[in-house]
Amino acid sequence: MASRYAGALRVAALAVLWGSGFLWIKIGLGGFSPIQITALRMALGAAALLVILRLQHLRLPSDRGTWGHLLVAALFGNTVPYLLFGIGEQTISSAAAGVINASTPLWTVLFMVLAYRSGRSARRNAWSLILGFVGVLLIFSPWNLGADIASWGGVACLAAAASYGVSYVYIGHFLAKRELGVIRMAAGQLICATALSAALVPFLGWPTPQLESGPILAVLVLGVLGTGLAYLLNYRIITDDGPTAASIVVYLLPVVSVLLGSLVLDEQLELHVLAGMAVVLLAAGLRRSNGQAASTPETKPAT
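My aim in this report is to walk through the structure given alongside it, one point at a time. Quick caveat, the model's predicted, so the values are computed rather than measured. Counting starts from 1 at the beginning of each chain's written sequence and moves along it residue by residue. Whole-chain, interface and lining totals are the exception, using all residues; otherwise, since this is a predicted model, local features are given only for residues with pLDDT of at least 70 and side-chain atom pairs are given and counted only at 80 or more. The basis for the side-chain values is all heavy atoms of the structure; hydrogens and waters are excluded.

Moving on, we come to the overall build of the protein chain. Helix and strand definitions here come from DSSP, where helices need a minimum of 4 consecutive H or I residues and strands a minimum of 2 consecutive E residues; each element is numbered from the N-terminal end. Regarding its fold elements, the protein chain presents 13 helices and zero strands. Walking the protein chain from its N terminus toward its C terminus, one meets helices and strands in the order α-α-α-α-α-α-α-α-α-α-α-α-α. The contact definition used throughout considers only heavy atoms, calling two residues in contact when any of these lie within 4.5 Å. For the protein chain, restricting intrachain contacts to residue pairs at least 6 apart in sequence, the fraction spanning at least 24 positions comes to 90%.

Structural data, given as structure tokens:
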């Protein structure tokens, strides 16, 4: 019973940290570019975990194979989605970004089915995926040409959610079962993400930032709490409950992002976006009710 409550508290804390991240990205864009926000939050998150690693007298992983897996996990779980959300929120609201991110559990299921080629799993989750597609279609409403969310910014956020889905599947298969410890894996992943972000700077540029208190505070919170601390919680949930269970944290993210966007930034969402969010969450809940087959695959992954 105690472990169940501890797990629920971890999920709630992670939801608050990540759900508020969309707000902090929006504020951070007032002084920094998307690649600057991504690179700085990665570096701050990695630094925070390295301090914790040092205090606990732990060392980073040493074998090349683990670092190779951490690099892939960092690409799909950090660098790509963080950058895409920064790009997306240049044109859409933080609340809308959080709503789109609610599709992550469905992407996780889709990629799990594709990776393990499980026909039974595909049939089990068919209705949730179809319903999720309907929900995403409602959110974007391509027939509503005046909607801001039906833009390249919205597409960027949708691609970011898909990237998270890839990372959950990859981490669950290649890293979660390794006896490396949560802090070591999380710190290694963020170090890789920092290196990947830095490698993109020559291509994307580094414009002169506007050093104002609001954006600076936003990036600090994103880095130390929303990235460093959050990834400790994320790895713990993946290790204890599996990749699909971990992605269920996303159920709460749109609620947090919508509330904060409304209260802090006075953002409003149209009815079709809220309806789409409800359908997406219903689809994710339907998948959840079908059991944990995705997190305990019946066949070997596709090669």
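Centres within 6.5 Å make a pair out of two Phe, Tyr or Trp rings, where for Trp the six-membered ring is used; the pair is then stacked when the planes are under 30 degrees apart, edge-to-face when over 60, and tilted otherwise. Using the criterion set out here, one finds five aromatic pairs in the structure. Centre to centre, the rings of Phe 22 and Phe 85 are 5.2 Å apart; their planes meet at 75°, and the pair counts as edge-to-face. Taken together, the residues Phe 22 in helix α2 (residues 21-28) and Phe 85 in helix α4 (residues 64-88) connect sequence positions 63 residues apart. The two residues Phe 22 and Phe 85 agree in class, both being buried. Taking 4.5 Å as the distance between ring centres and 35° as the angle between the ring planes, the aromatic pair formed by Tyr 170 and Phe 174 counts as tilted. Remark: Phe 174 and Tyr 170 occur in helix α8 (residues 152-174); sequence separation between them is four residues, near one turn of the helix. Only protein chains enter the area calculation, which uses a 1.4 Å probe; residues under 20% of their type maximum are buried, those over 50% are exposed, and those in between are partly exposed. Under the relative-accessibility criterion, Phe 174 is labelled partly exposed at 32%.

Time to look at empty space enclosed by the protein. Remark: the empty space left among the atoms is shown by a probe the size of a water molecule rolled over them. Throughout, the protein atoms alone are placed on a 1 Å grid, and a set of points is a cavity if a 1.4 Å probe fits but cannot get out or a pocket if it is open with protein on both sides within 12 Å along at least five of seven lines; lining residues have an atom within 4 Å of a point. Grid points are joined across faces, edges and corners, and a volume is the space filled by probe spheres set on the points. Summed over all chains, the structure comprises three cavities of 30 Å³ or more. When its volume is computed, the largest cavity comes out at roughly 170 Å³. Lining of the largest cavity is provided by 14 residues; of these, Trp 18, Phe 22, Tyr 82, Asn 101 and Tyr 164 occupy positions nearest its centre. When residues of the lining of the largest cavity are traced back to their parent elements, those giving at least two are α2, α4, α8 and α10 (213-241). Examining the composition of the lining of the largest cavity, we find that three residues originate from one element, α2, more than from any other. Of the residues that constitute the lining of the largest cavity, the class distribution is 11 nonpolar, two polar and one charged. Polar here means any residue other than Ala, Val, Leu, Ile, Met, Phe, Trp, Tyr, Cys and Pro, which are nonpolar, and Asp, Glu, Lys and Arg, which are charged; Gly is therefore polar.

Attention now moves to the nonpolar core. Side-chain atoms within 4.5 Å link the members of a nonpolar core, which is a set of buried Ala, Val, Leu, Ile, Met, Phe, Trp, Tyr and Cys residues. Membership of the largest hydrophobic core comes to 61 residues, with the highest contact counts inside it found for Trp 18, Phe 85, Ile 100, Ile 139, Tyr 231 and Tyr 235. Element by element, the count of residues in this core is highest for α10, at nine residues. Setting aside residues up to four positions removed in sequence, Tyr 231 forms contacts with Trp 18, Gly 77, Asn 78, Tyr 82, Tyr 164, Ala 186, Gln 189 and Leu 190.

By the secondary structure assignment, Ser 262 is in helix α12 (residues 253-265). Judged by its relative accessible area of 37%, Ser 262 is partly exposed. As for Ser 262 and Ala 95, which are separated by 167 residues in sequence, their C-alpha atoms are 7.7 Å apart.

At a closest axis distance of 9 Å, the pairing of helix α5 (residues 94-101) and α8 adopts a crossing angle of 40°. With respect to α8, the axis of α5 lies oblique. Where α5 crosses over α8, the two elements pack in a sense that is right-handed. Where α5 abuts α8, its residues Ala 97, Ile 100 and Asn 101 lie against Gly 154, Cys 157, Leu 158, Ala 161 and Tyr 164. Of the residues that constitute the contact of α5 with α8, the class distribution is six nonpolar, two polar and no charged. Simply put, an axis is a line fit to the C-alpha atoms, just over the touching stretch for a helix, and the angle between two N-to-C directions goes from 0 to 180 degrees. Roughly parallel here means an angle under 35 degrees, roughly antiparallel means over 145, roughly perpendicular means 65 to 115, and every remaining angle is called oblique. What makes a crossing left-handed is the near helix being turned counterclockwise from the far one by less than a right angle; a clockwise turn instead makes it right-handed.

Right, let's talk about helix α6 (residues 104-116) for a bit. In an α-helix, one turn spans 3.6 residues; hence positions three or four apart end up facing the same way. Multiplying 1.5 Å by the helix residue count minus one yields the expected span of that helix. For α6, built from 13 residues, the straight-helix expectation of 18 Å at 1.5 Å per residue is met to within 8% by its first-to-last C-alpha distance of 18 Å. Residues of α6 that are buried include every one of Thr 104, Pro 105, Leu 106, Thr 108, Val 109, Met 112, Val 113 and Tyr 116, and no others.

A few words on the packing of α6 against α8. Axes are the key here: two packed helices are described by the angle between their axes and the distance separating the axes. Closest axis-to-axis distance for the α6/α8 pair is 8 Å, and the angle between their directions is 50°. Classified by the angle between their axes, α6 and α8 sit oblique to one another. Of the two elements, α6 crosses α8, and the hand of that crossing is right-handed. The residues of α8 that touch α6, namely those facing Thr 104, Trp 107, Thr 108, Phe 111, Met 112, Ala 115 and Tyr 116, are Leu 158, Ala 161, Ala 162, Tyr 164, Gly 165, Val 166, Tyr 168, Val 169 and His 173. The class makeup of the residues in the contact of α6 with α8 is 12 nonpolar, four polar and no charged.

Next up on the list: the environment of Val 256. Mapped onto the fold, Val 256 is located in helix α12. When its relative accessible area of 17% is taken as the criterion, Val 256 is described as buried. Once the C-alpha coordinates of Val 256 and Leu 17 are considered, the two residues, 239 residues apart in sequence, prove to be 9.3 Å apart. Excluding its chain neighbours within four sequence positions, the residues that come into contact with Val 256 are Ala 15, Val 16, Gly 19 and Ser 20.

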